[in-house]
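Chain by chain, the residues run as shown.
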Amino acid sequence: MRIDKERIQEQNRKDIKSHQEKFDFLSNTLVKGGGDVHDIINKLAEFQVAIPSWALGAGGTRFGRFSFQGEPSSLEQKIDDVGIIHALTQTAGAISLHIPWDIPQDYEAIKQLASSHNIVFDAVNSNTFQDQKNAKESYKFGSLSNRDKAVRNQAVQHNLDVIDIGNKLGSKSLTVWLADGSNFPGQINFQNALQNTQDSLKDIYRALPEDWKLFIEYKPYEPNFYSTVIQDWGTSFMLANECGENAYTLVDLGHHLPNSNIEQIVATLMLKGKLGGFHFNDSKYGDDDVTVGSIKPYALFLTFNELVYGMNNNPQNPYPAWMIDASHNIKDPLEDLIQSLEAVQEAYAKALLIDQEQLRNAQLENDVVQCQEILQNAYRTDVRPLLQEARLISGGALSPLNAYRLFKVRENLINKRGKNSIATGL
Ligand code: PSV
Ligand code: MN
């Protein structure tokens, strides 16, 4: 199913008056305060977040999975689904593939399909956390960290194969997330596991095309519950430095122990020029992978404040690769992604409202109250008319979620794909 541009515009025309009133009011208020509304809208319109191919079907828990009807059962259908989200939001112009879940059959056809939706291929993700069909070696006791060289070789080779696949599609980065670790004290030798991981990552890095980046993701626990080899940003940062200048740390919002100061981690990594990628989601307890901004929107805003600061002040840091990494088991996955994108844009827009010079002055004067006021004034501003304006000028829907429901997208997908289609992935 494709959403016709004209249909979106027709729907927008119905809501344009009320949007215009809200936008004019906000825009006048911001301009009076010295804000550059034009610049903010351009930045919002340019901001694109990759959709992971594994988020388009219903996620499950270890207790079960409740399928969502009309799920995409092929890579082509996954790309079509991202096309739907992108047409409505104009914010999802990229897809991130997980290999081997998404190996293309016909590369040219897949590339053409993606470009017909204005979608590019972002980072490719390797998978050494599951055993693959007919694989000789098992990852039960680790992959890149495994004490057995034959297992490590297989895992390295898999990553090289993923780079090859990504290369054929126009991807420019590889994300490595390892489940490697241990469940019980004494099970592994920490130093050997880390050394093996470092050596394996270096092998992968050596094969990386010159214009590619390697993103090293960290996570404190799960699926292993006693130790994880790449448990935190420090370990990832160290490994990235060992690999070389095109290796970076990837921050996933859900991959921290409770109450970690993620915004400070972002600031540190950007200062050191090593924040390569970013996975958005939200959580209450652990790696819950729920809708972005649904639980801790203020923390997301504070993180965006550091991201914006870094993008403005740290030329040593590349422009980060943004991706949503959420998966849930009860919502329509496409509606959930639309909500996540809106939350990301909202936090970004609010961070763009912060007067950095004013904040700096208040900091220099140790005016703690004023520092807080500056942040909270930005946070308390309802920026949704800015998001709508950015979508309007890009040809997206004023209200993507309403349009999705009015256009009966899910019903259409069910009619086409049936009630029992199942997305490949987790
Ligand atoms: C692991 O929890 C993770 O965040 C990694 O990015 C994986 O690639 C993704 O989720 C899907 O399993
Ligand atoms: Mn992730």
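See above for the structure.
What this report covers is the structure whose coordinates are included nearby.

Rules behind the numbers
Residues numbered from 1 in each chain as written. Chains lettered and ligands numbered in written order. Predicted model: local features only at pLDDT ≥ 70, side-chain atom pairs only at ≥ 80, totals over all residues. Helix = DSSP H or I, 4+ residues; strand = E, 2+ residues; numbered from the N terminus. Buried ≥ 20, exposed ≤ 12 C-beta atoms within 10 Å, placed from the backbone. Contact = placed C-beta atoms within 7 Å. Pairing = 2+ DSSP bridges. Right-handed = clockwise from strand over helix to strand, strands pointing away. Arc of directions from axis to C-beta. Core = buried A, V, L, I, M, F, W, Y, C linked by C-beta atoms within 7 Å. Axes fitted to C-alpha atoms, helices over the stretch in contact; angles between N-to-C directions. Left-handed = near helix turned anticlockwise from the far one by under 90°. Nonpolar A, V, L, I, M, F, W, Y, C, P; charged D, E, K, R; others polar. Parallel < 35°, antiparallel > 145°, perpendicular 65-115°, else oblique.

1. Structural notes on the overall build of the protein chain
From N to C terminus, the protein chain includes 15 helices and eleven strands. With respect to the three principal axes, the spread of C-alpha positions in the protein chain is 65 × 60 × 40 Å. Of all 426 residues assigned to the protein chain, the portion counted as buried reaches 46%. Within the protein chain, contacts between residues separated by at least 24 positions form 79% of all contacts whose residues are at least 6 apart in sequence.

2. Quick notes on the pairing of strand 11 (residues 321–324)
Neither face of strand 11 is open: one carries Ala321 and Met323, the other Trp322 and Ile324, and all of them are buried. The pairing of strand 10 (residues 275–280) with strand 11 spans four bridges and is parallel. Of the residues in strand 11, the one forming a bridge with Gly277 is Ala321. Of the crossover connections in this fold, the one passing from strand 10 over helix 9 (residues 297–313) to the parallel strand 11 is right-handed.

3. Some words on helix 7 (residues 233–243)
Within helix 7, burial applies to Trp233, Ser236, Phe237, Leu239, Ala240 and Cys243. Looking down the long axis of helix 7, one finds its buried residues gathered within 165° of arc, a one-sided arrangement. Buried-residue contacts for helix 7 involve helix 6 (190–206), strand 7 (213–217), strand 9 (247–252) and helix 8 (262–271).

4. Notes on helix 8
Buried residues of helix 8: Ile262, Ile265, Val266, Leu269 and Met270, and no others. End-on view of helix 8: buried residues confined to an arc of 125°, all on one side of the axis. Taken together, the buried residues of helix 8 touch helix 7, strand 9, strand 10 and helix 9. Once helix 8 finishes, Gly273 follows within two positions and takes phi at roughly 70°, a positive value.

5. Considerations on the environment of Lys219
Within the secondary structure layout, Lys219 lies in the loop between strand 7 and strand 8 (227–228). As a C-alpha pair, Lys219 and His256 span 37 residues in sequence and 6.6 Å in three-dimensional space. The residues contacting Lys219, other than those within four sequence positions of it, are Trp177, Thr228, Asp252, His255 and Asp287.

6. Things to note about unusual backbone geometry
The omega torsion of the bond from Ile99 to Pro100 falls at 20°, within 30 degrees of zero and hence cis. If you trace the backbone, Pro100 turns up in the loop between strand 2 (94–96) and helix 4 (107–116). Omega for the peptide link from Glu222 to Pro223 comes to 10°, which places this bond in the cis form. Here Pro223 lies in the loop between strand 7 and strand 8. Here Asn134, not a glycine, exhibits a phi torsion of approximately 65°, which is positive.

7. Some remarks on the nonpolar core
Core analysis: the biggest nonpolar cluster contains 106 residues, and Ile95, Leu214 and Ile216 have the highest contact counts within it. Among the elements that line this core, the one with the most residues is helix 10 (residues 333–353), at twelve residues. With sequence-adjacent residues up to four places away left out, Leu214 is seen in contact with Leu174, Val176, Ile204, Tyr205, Leu208, Cys243, Asn246, Ala247 and Tyr248.

8. Digging into the packing of helix 5 (residues 149–169) against helix 6
For the pair helix 5 and helix 6, the least separation of the axes is 9 Å and the interaxial angle reads 35°. With respect to the hand of their crossing, helix 5 and helix 6 are arranged in right-handed fashion. Here helix 5 contributes Arg152, Ala155, Val156, Asn159 and Leu160 to the contact with helix 6, which in turn contributes Asn196, Ser200, Asp203 and Ile204. A per-class count over the contact of helix 5 with helix 6 returns four nonpolar, three polar and two charged.

9. Remarks on the environment of Gln90
In this structure, Gln90 sits in the loop between helix 3 (75–89) and strand 2. On the basis of neighbour counts, which here come to 24 C-beta atoms within 10 Å, the residue Gln90 falls in the buried class. In the structure, Gln90 is positioned 307 residues away from Ala397 in sequence and 8.3 Å away in space, judged by C-alpha atoms. Not counting residues within four places of it along the chain, the set of residues in contact with Gln90 comprises Arg391, Ser394, Gly395 and Gly396.

10. As for the packing of helix 9 against helix 10
Between two packed helices, both the angle of their axes relative to each other and the distance between the axes serve to describe the pair. In contact at an axis separation of 8 Å, helix 9 and helix 10 are set at 55° when each is read in the N-to-C sense. With respect to each other, helix 9 and helix 10 are oriented oblique. The element helix 9 and its partner helix 10 pack so that their crossing is right-handed. Within the contact between the two elements, helix 9 uses Pro297, Leu300, Phe301, Phe304, Asn305 and Val308 and helix 10 uses Ala343, Ala347, Tyr348, Lys350, Ala351 and Leu352. In terms of residue class, the contact of helix 9 with helix 10 is made up of ten nonpolar, one polar and one charged.

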